[in-house]
Amino acid sequence: MQYVNDWRAVAAATGAADRGTAEDGVRLAYRRAGLAEPERIIWVDSPRAAVEAVERLTDAGRSVREEVRTRPWAEERRRMYDELGPAGWSALWSATGAQLWETTAALAERIRAGVVAELADVPEDESDVRLVLLDAVLGQHDAAWLAAFDGRGDRLNGLAEVARNAGWWWPYERAVVISERPVALHRDEAGRLDRGDGPALAYRDGFALHAWRGMPVPAEFLDGLADLTPERIRAEENAELRRVMLEYYGYDRYLAESDAEPVHRDETGILWRIALEGDEDVVMVEVVNSTPEPDGTHRTYWLRVPPGTRTAKDGVAWTFGIEGDAYAPLRQT
């Protein structure tokens with residue numbers, strides 16, 4: 001569905017906001033909510049800077065997020081539910097918002113956690129920062145639910161216009177704080193934040209998130225990945241970071257350079273096991289493609305299998321979703 005593709009692009013958009021169009025959207029959202037337009041619209045470079053700006057606001061009045069975002073959304077959802085019925089609404093959501101929900105919700109939560117980590121100098125400050133974050137309308141990261149209503153009425157047009165052209169924003173009676181979009185976003189094929197040589201998400205004021213295949217990592221940790229050795233990997237005490245190191249370094253390379261010994265071999269391949277202190281073993285099957293490459297060579301593949309795997313055949317069978325006793329290919333390819 002075209003709406004889904006359009007809103008997927010909105011959720012992943014980077015680069016400078018269209019400030020004029022976004023401000024028009026803000027004013028329209030206020031009017032549709034029956035509110036006077038805000039007297040001031042304050043632009044900042046990131047959600048972190050927005051929280052700081054909100055904390056400095058004076059004479060802004062109370063938050064109007066309920067009127068601007070929550071209530072219109074709930075009323076439109078009720079209207080669509082009544083119009084389509086339970087099955088129709090479920091089908092609509094499955095075909096639209098559900099396609100985007102998991103990745104956008106996870107990204108929004110990571111941004112919240114990053115803002116809290118940077119601004120809450122002591123644990124007592126966390127609740128204050130989180131309260132400010134609760135006032136935010138998520139702009140482009142509201143793409144999932146906005147996709148479900150696209151083309152089905154104009155009640156949410158103001159919110160949609162801001163989302164298409166800017167990042168998170170904070171609506172108050174007399175003032176709005178609105179954030180620029182990120183300048184960079186790097187994700188893996190599953191939609192998780194992922195980058196091994198810099199921030200996976202970055203804003204132009206320096207606020208950034210670092211991650212490897214979805215797992216948050218310190219920036220200085222990434223700086224050391226290029227110089228990894230098997231000894232450095234074994235010495236890492238944090239099991240999650242050690243796993244990242246292994247993925248980056250390559251299990252096959254680690255096995256080769258660690259002088260590892262195979263624990264089992266049969267006609268399907270070779271089973272290797274890497275014992276890691278404080279973590280489950282990494283178990284892999286080495287298999288050789290029986291079909292030759294154009295140059296006559298045969299490629300070697302490494303298959304990650306469950307830690308309890310005892311034979312190479314069991315491991316290969318597991319990758320096909322069957323038991324080892326049932327695995328008997330007529331021809332290997």
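This report concerns the structure included in the present document. (Residues numbered from 1 in each chain as written. Predicted model: local features only at pLDDT ≥ 70, side-chain atom pairs only at ≥ 80, totals over all residues. Heavy atoms only, no water.)

**Brief notes about the sheet that holds strand 9 (residues 262–266)**
Here is the rule we go by: At least two DSSP bridges between two strands are needed for those strands to be called paired. Secondary structure counts use DSSP, requiring at least four H or I residues in a row for a helix and at least two E residues in a row for a strand, with both numbered from the N terminus. Note on definitions: angles span 0 to 180 degrees between N-to-C directions of axes, and those axes are lines fitted to C-alpha atoms, for helices only across the stretch in contact.
Read from one edge of the open sheet, 4 strands run 9-10-11-12, paired in antiparallel fashion. Looking along the sheet, the strands with just one partner apiece sit at the ends: strand 9 and strand 12 (300–305). Taking the axes of each pair of neighbouring strands and ignoring which way they run, one obtains an average angle of 20 degrees across the sheet. One ladder, built from 6 bridges, connects strand 11 (residues 282–288) with strand 12; its direction is antiparallel.

**Topic: the pairing of strand 11**
To keep things clear, this is the line we draw: Partly exposed describes any residue whose relative accessible area lies between the buried limit of under 20% and the exposed limit of over 50%, with all areas from a 1.4 Å probe on protein chains only and scaled to the type maximum.
Across the 7 residues that make up strand 11, a large majority, 6, are buried. In terms of strand pairing, strand 10 (residues 269–274) meets strand 11 through 5 bridges, oriented antiparallel. Residue pairing across strands places Ile274 opposite Val282, the latter belonging to strand 11.

**A closer look at the side chain of Arg48**
Stated precisely, the cut-off is as follows: Under the rule applied, a polar contact is a pair of N or O atoms within 3.5 Å (in protein, one hydrogen donor and one hydrogen acceptor; residues adjacent in sequence only if both atoms are side-chain atoms). Whether two residues are in contact is decided by their heavy atoms, any of which lying within 4.5 Å being enough.
Turning to its location among the elements, Arg48 is positioned in helix 3 (residues 47–56). With a relative accessible area of 17%, Arg48 lands in the buried category. Here Glu118 takes part through its side chain, which lies 2.5 Å from a polar atom of the side chain of Arg48. For Arg48, the residues in contact, after removing those within four places along its chain, are Val115, Glu118, Leu119, Asp205, Gly206 and Phe207.

**Description of the environment of Ala235**
Mapped onto the fold, Ala235 is located in helix 10 (residues 230–235). Spatially, the C-alpha atoms of Ala235 and Glu277 are 9.4 Å apart, while their sequence positions differ by 42 residues.

**Things to note about the packing of helix 2 (residues 19–32) against helix 8 (residues 157–165)**
Angle between the axes and distance between the axes: these two values describe a pair of packed helices. Quick note on the threshold: Put simply, angles under 35 degrees are roughly parallel, angles over 145 are roughly antiparallel, angles from 65 to 115 are roughly perpendicular, and the rest are oblique. Note: crossing handedness is left-handed where the near helix turns anticlockwise from the far helix by less than a right angle, and right-handed where it turns clockwise. Charged residues are taken to be Asp, Glu, Lys and Arg, nonpolar residues to be Ala, Val, Leu, Ile, Met, Phe, Trp, Tyr, Cys and Pro, and polar residues to be all remaining types, Gly included.
Where helix 2 contacts helix 8, the axes come no closer than 7 Å and their chain directions differ by 160 degrees. Classified by the angle between their axes, helix 2 and helix 8 sit roughly antiparallel to one another. The handedness of the crossing between helix 2 and helix 8 is left-handed. Along the contact surface, helix 2 presents Thr21, Ala22, Gly25, Val26, Leu28, Ala29 and Arg32, while helix 8 presents Asn157, Gly158, Leu159, Glu161, Val162 and Asn165. When grouped by side-chain class, the residues that make up the contact of helix 2 with helix 8 number 6 nonpolar, 5 polar and 2 charged.

**Some details on helix 1 (residues 2–11)**
What sets the pattern is the α-helix's 3.6 residues per turn: residues three or four places apart point alike. Operational definition: Each direction from the helix axis to a C-beta atom contributes to the arc, which is the arc of those directions.
Looking only at helix 1, the buried set comprises Val4, Trp7, Val10 and Ala11. Down the axis of helix 1, the smallest arc covering the buried residues is 120 degrees, so these residues share one side.

**Overview of unusual backbone geometry**
The backbone phi angle of Asp59 is positive, close to 60 degrees, even though this residue is not glycine. Among the secondary structure elements, Asp59 is positioned in the loop between helix 3 and helix 4 (65–95). Not every positive phi belongs to a glycine, and Arg213 is a case in point at roughly 50 degrees. Its location among the elements puts Arg213 in the loop between strand 7 (211–212) and strand 8 (215–216).

**Notes on the pattern of salt bridges**
Going by this rule: The rule for a salt bridge is simple: a side-chain nitrogen of Lys or Arg has to be within 4 Å of a carboxyl oxygen of Asp or Glu.
Evaluation of the coordinates by the stated rule reveals 26 salt bridges. Residue Asp205 is joined to Arg48 by a salt bridge in which the shortest nitrogen-to-oxygen separation is 3.7 Å. Separated by 157 residues along the polypeptide, Asp205 in the loop between strand 5 (201–202) and strand 6 (208–209) and Arg48 in helix 3 bring together distant segments of the chain. Where Glu67 meets Arg62, a salt bridge forms, and the shortest distance between an N and an O atom there is 2.6 Å. Residue classification places Arg62 among the partly exposed positions, given a relative accessible area of 42%.

**Focus: the pairing of strand 3 (residues 175–179)**
The buried count for strand 3 comes to 5 of 5 residues, which makes it a mostly enclosed element. Neither face of strand 3 is open: one carries Ala175, Val177 and Ser179, the other Val176 and Ile178, and all of them are buried. Bridge count for strand 1 (residues 40–44) against strand 3 is 5 bridges, and the pairing is parallel. Note that in strand 3 the partner of Val44 across the bridge is Ser179. Direction of pairing for strand 2 (residues 169–171) relative to strand 3: antiparallel, over a ladder of 3 bridges. Counted as the bridge partner of Trp170 is Val177 from strand 3. Here strand 2 hands over to strand 3 after 3 residues, the two strands then running antiparallel side by side.

**So, the nonpolar core**
For clarity, the cut-off: Take the buried residues of types Ala, Val, Leu, Ile, Met, Phe, Trp, Tyr and Cys, join any two whose side-chain atoms come within 4.5 Å, and each joined set is a nonpolar core.
Core analysis: the largest hydrophobic core is formed by 34 residues, its most contacted members being Trp7, Val26, Leu159, Trp169 and Ile178. Among the elements that line this core, the one with the most residues is helix 7 (residues 143–149), at 7 residues. What Ile178 contacts, discounting residues up to four positions off in sequence, is Ala22, Val26, Ile41, Ile42, Trp43, Val44, Val162, Ala166, Trp168 and Trp169. Counting 33 residues, the second largest nonpolar core, distinct from the first, contains Val51, Trp168, Tyr172 and Phe207.

**Remarks on the packing of aromatic side chains**
Ring pairs (aromatic) are described by centroid distance and by the angle formed between their planes. This is how the line gets drawn: Pairing of aromatic rings covers Phe, Tyr and Trp, the last through its six-membered ring, and needs centres within 6.5 Å; plane angles under 30 degrees mean stacked, over 60 mean edge-to-face, and all others mean tilted.
Summed over the entire model, instances satisfying the criterion amount to 7 aromatic pairs. Aromatic side chains Trp168 and Trp170 sit 6.4 Å apart centroid to centroid with 40 degrees between the ring planes, which places their arrangement in the tilted category. Grouping aromatic residues by their ring pairs yields a cluster made of Trp73, Trp89, Trp145 and Phe149.

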